[in-house]
Each structure stands twice: as C-alpha cells, then as structure tokens.
Amino acid sequence: MGTRGRPRGSRRARGRPRRSPQASGRSCRRREEPPGRAVASAAPRGAAPRGIRTAGRGGGRARAMRNGAGGEDADSMMPGKRRVQILVPEEVSTEMKKVKDSKMPAKRRMKILVPEEESTETKKVKVSHPSHRSQPGLVLTLGQGNVGQLGLGEDIMERKKPALVTLPEMVVQVEAGGMHTVCLSQTGKIYTFGCNDEGALGRDTSAEGSESSPGLVELQEKVVQVSAGDSHTAALTEDGRVFVWGSFRDNNGVIGLLEPMKTSSVPVLLQLDTPVVKIVSGNDHLVMLTVDGDLFTCGCGEQGQLGRVPALFATRGGRRGLERMLVPQLVPVRGRGRRSKMRFQDAFCGAYFTFAVTHEGHIYGFGLSNYHQLEPHVLQELHQVLGWVLWRAAPHGLRRL
C-alpha cells in the first residue's frame, strides 16, 4: 500500500516515541544567563521556574534554590511552598559552638562535684566506742619522776603523795607509758611529758627542762583516744585514723616504728584501709580494733603478743625481716567448727600479751604467760563474773579453756 494520502505526523500519533536530542545529535545545553537575572519564562505549564529544584518522586519536601543571584525572585514565584533554610557551614559551626558552650560546662561541673561530695561525706564519718572517755577531770601523779614522767618539773624526782599536774585545759584520758605520760584533753589535744630519748613524746624537747613539763603535740586532727607503751605513743582520731610516734623494742634493742631501725619523733599516719574504733598498747606492741570487728597488730612479737607471727619468725621477723612485725596486719582468728571469721567488740593489752572479746562473748588471748596470765584458774573469776567463754593462747596459737 502506498504512502499517498497518509497525514503528516501519523507515526507520532500512533505512539511512536520522539527521538531524544542526544540521539539526534542536537545539543541539550541550556543557554547560560548573565548573573543577576532570574529566568522564569520558557517553563512548561505547572513546572517550577528554572533554577529551582523540586522534589523527586514521592518526595514531600521542596529543596531550596541554590544560593546566588535571583534567590528572592525564585522564592517569590513559589506561593504555598514550604521554604527550607540551609545554613552556611560557618553559621552551622557557630550554632554548634553556642549549643556546646551552653550545655557542656554544666555536665563537666557535675562530673567534678560528685567526687568532692563523696569525699566530704567520707570525712564526716566519726567513730565511737564505749572506751572513748568524755568526762573531764584533773591529773594527779605520784611515784618515781627521775626523767620527768610526773610532769611536776625537773626539780621533783619523786612523789609519795598525789600531786596536781598543771595543764592548760581539762583532761578526759591519761596513759602512763614506760617512762613518759600522755594526756588527752577535752578538746582532743595531746599533752606529753617524760623521757623522749626515742621520740615517745612526739614533740621538740631541745629546750632545757621541757621534758619535765606538759607540752602540746602538734596534730591537726581531733583525737578521741590515746595509748602509750614503753617507748611509743599512739593516737586515734575521730575519723578512725591512727597516728604513732616513738619506737618499738625487743630483747636486743630498738627495732623501729614503721620501718626497720627507724624511729619517729613526730606523729606518723598508719596506713589502714578500714577505720579504727579502739587502740591499746602493750610494752612494745600496738593492737587496733576496726569498725568491722577485725584485729590488727604491729610491733614486737617475740612473746607471741601479735597473735599472727609463728615462733619461727618471732625474732625480728626471721627470714622475712622486720617488715613482717612493724607493718600492721590482720590477726586471723576462726571459731571452732565455723567457717566465718570471728568479729571482735573489744581488746585489752598487758605488757606482753593481748586479750580480745568477740560479739558472742568469747575471749581470745595470746602472748606471754610466764606468770600464768593465760591459765584457766587465773581467769576463772572473770568467767564467773562476766559469763564469758574463755579461750587460752599458747605463745603462738589459740585454744579454748
């Protein structure tokens, strides 16, 4: 059939696709417009003006016109369209900086304040024990005073009747050491007098006659209890810390205080993880009772008074050295047929032995018994009066009475 009589454009009318400009070789570049002009013409009906990007398929937001000339004209030609503002990177960084400055300092302050509040609460904890004295009174001394332990001055060497010691304030506790005396005042201050050859007074006694009169020990913390031995002194503060000064001794002489063969003439803090509620001294050993009911001991252990050193290591620590004796360590005590550790409520010391009372009323003792200090017939009266279950200690072990 010929083509005569076929109308023009019949192929196009039948749905044959139009050839694209790329296929026909024609250029599809848009004519560049000079800056400053907004092109709004030559756009199909219902289409967005040139230079404005519309949302794609399924998009519900309109993209803003690129920054540049003609931005306002393009926005004005889009009535009813929601405008979206895009910040320049400089503005974004400025806004982020403002947000960071307004929020971050508060968070940093909170992180810094929390540890300070916790540490403040820890410092406010105060220990207490029935042995802490609070009734004020005066101090009277008598006996031998050749090294000033009476506190009556360097001219008085002996006193057969009690004599009043001149102190600046009232006293709640007095402890007599080997050759020195320790007084605890009502305000928590410590006054000492007597022999200071190994630093037992805890203060400077270079001035002539200063040992024979009461002198203040420089200690900033408030003290609630003191103890005194042959050549050492200990003080318990209201927050459960223990300070010591002077020296421990054994049968061969000085063994040191916290380090071998080193004495201290000023208060030194003992390193313990648990607060202490009571301290008590023998001649050359120190016993500390903690809030958890544990016993810690340090000093000389030749007679078994520490309760934790075997006889093999009792003489200056044996192969392990003096650190085993001088560093405070826990006394391991277990009840018969019990797996849990015993908890103590009180402790007492003699010259070379130690007693401790558990919460159940059991008595544990360890140390020297050369005069039957730990024998059953000696402690029977105590058992009858107090109703305690008695335990006896060999020099380096424990057994029930």
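The model shown is predicted, which means the values in this text are computed figures rather than measured ones. In every chain, residue numbers begin from 1 and rise along the written sequence. Per-residue local features are limited, in this predicted model, to residues with pLDDT of at least 70; the limit for side-chain atom pairs, both in listing and counting, is 80 or more; totals at the level of whole chains, interfaces and linings are taken over all residues. Side-chain metrics rest on all non-hydrogen atoms present in the structure, leaving aside hydrogens and water.

**Considering the sheet that holds strand 8 (residues 232-237)**
(1) Moving on: Paired strands, as defined in this entry, are two strands with at least two bridges between them according to DSSP. Secondary structure elements follow DSSP: runs of H or I no shorter than four residues count as helices, runs of E no shorter than two count as strands, and numbering proceeds from the N terminus. Spatial ordering of the open sheet is given by 7-8-9-12, a layout of four strands whose pairing is antiparallel. Edge positions in the sheet fall to strand 7 (223-228) and strand 12 (264-269), since each of these pairs with one other strand and no more. Taking each pair of neighbouring strands and ignoring which way they run, the sheet shows an average axis angle of 15 degrees.
(2) Moving on: Sheet analysis places strand 8 next to strand 9 (residues 242-246), joined by five bridges and oriented antiparallel. In the sheet register, Ala235 faces strand 9, and the bridge partner there is Phe243. Whenever a helix is involved, its axis is fitted only over the stretch in contact; in every case the axis is a line through C-alpha atoms, and angles between N-to-C directions fall within 0 to 180 degrees.

**A closer look at the pairing of strand 19 (residues 363-367)**
(1) Moving on: Relative accessibility under 20% of the residue-type maximum defines a buried residue, over 50% an exposed one, and the middle range a partly exposed one, all with a 1.4 Å probe and only protein chains included. Within strand 19, five of the five residues are buried, which leaves it mostly tucked inside the rest of the structure.
(2) Moving on: Side chains Ile363, Gly365 and Gly367 of strand 19 all project onto a buried face; the interleaved residues Tyr364 and Phe366 project onto the opposite face, where all are buried too.
(3) Moving on: Pairing of strand 18 (residues 353-358) with strand 19 involves five bridges; the strand directions are antiparallel. Among the inter-strand pairings, Ala356 is bridged to a residue of strand 19, identified as Tyr364.
(4) Moving on: In sequence, strand 18 turns back onto strand 19 through a hairpin of four residues, with Gly361 there showing a positive phi of about 95 degrees.

**Remarks on the packing of aromatic side chains**
(1) Moving on: Aromatic pairs are defined between Phe, Tyr and Trp rings, using the six-membered ring for Trp, whenever the two ring centres lie within 6.5 Å; interplanar angles under 30 degrees are classed as stacked, those over 60 as edge-to-face, and all others as tilted. All chains considered together, the criterion is met by two aromatic pairs.
(2) Moving on: Relative to Tyr364, the ring of Phe344 lies with its centre 5.8 Å away and its plane at 85 degrees, an arrangement referred to as edge-to-face. One end of the pair, Phe344, is in strand 17 (residues 344-349); the other, Tyr364, is in strand 19, with 20 residues separating them in the sequence.
(3) Moving on: Among the residues examined, Phe344 registers a relative accessible area of 4% and is labelled buried.

**Some points on the sheet that holds strand 13 (residues 276-281)**
(1) Moving on: Taken together, the four strands give an open sheet; going across it, the order is 13-14-15-16, and neighbouring strands pair in antiparallel fashion. Either end of the sheet is taken by a strand with one partner, and the two such strands are strand 13 and strand 16 (329-330).
(2) Moving on: Note that strand 15 (residues 295-299) and strand 16 share two bridges and pair antiparallel. By the bridge assignment, Thr297 is partnered in strand 16 with Gln329.

**Structural notes on the side chain of Glu198**
(1) Moving on: With respect to the secondary-structure elements, Glu198 resides in the loop between strand 5 (190-194) and strand 6 (215-216).
(2) Moving on: Judged by relative accessible area, which is 19%, Glu198 ranks as buried.
(3) Moving on: Under this definition, polar contacts are N or O atom pairs within 3.5 Å; protein pairs additionally need one hydrogen-donor-capable and one acceptor-capable atom, and for neighbouring residues in sequence, both atoms have to be side-chain atoms. Polar side-chain contacts of Glu198 include one of 2.4 Å to the side chain of Arg249.
(4) Moving on: When residues no more than four places from it in sequence are discounted, the contact partners of Glu198 are Ser231, Gly246, Ser247, Arg249, Val254, Thr263 and Ser264. Contacts are assigned to residue pairs with any non-hydrogen atoms lying within 4.5 Å of each other.

**Describing the nonpolar core**
Soluble, globular proteins show a tendency: their nonpolar side chains are buried together.
(1) Moving on: Take the buried residues of types Ala, Val, Leu, Ile, Met, Phe, Trp, Tyr and Cys, join any two whose side-chain atoms come within 4.5 Å, and each joined set is a nonpolar core. Residues Val242, Val244, Phe248, Ile279, Leu286 and Met288 are the most contacted members of the largest nonpolar core, which totals 22 residues.
(2) Moving on: Listing elements by their share of this core, those giving two or more residues are strand 8, strand 9, strand 13, strand 14 (285-290), strand 15 and helix 5 (323-326).
(3) Moving on: Apart from the residues lying within four places of it in its own chain, the contact partners of Val244 are Thr233, Ala234, Leu257, Leu258, Val266, Pro267, Val268, Leu270 and Leu286.
(4) Moving on: In terms of nonpolar packing, the next biggest core, distinct from the first, is built from 14 residues, Val277, Val280, Met342 and Ala356 among them.

**Let's talk about the environment of Leu258**
(1) Moving on: Within the element layout of this structure, Leu258 appears in the loop between strand 11 (253-256) and strand 12.
(2) Moving on: Remark: the alpha-carbon pair of Leu258 and Pro328, spanning 70 residues in sequence, is separated by 8.9 Å.
(3) Moving on: Each residue touching Leu258, except ones within four places of it in the same chain, is listed here: Val244, Val268, Leu269, Leu270 and Leu326.

**What to know about unusual backbone geometry**
(1) Moving on: Here the phi dihedral of Met261 falls at roughly 65 degrees; this positive angle occurs in a residue that is not glycine.
(2) Moving on: With respect to the secondary-structure elements, Met261 resides in the loop between strand 11 and strand 12.
(3) Moving on: Note on Met261: relative accessible area 49%, which makes it partly exposed.

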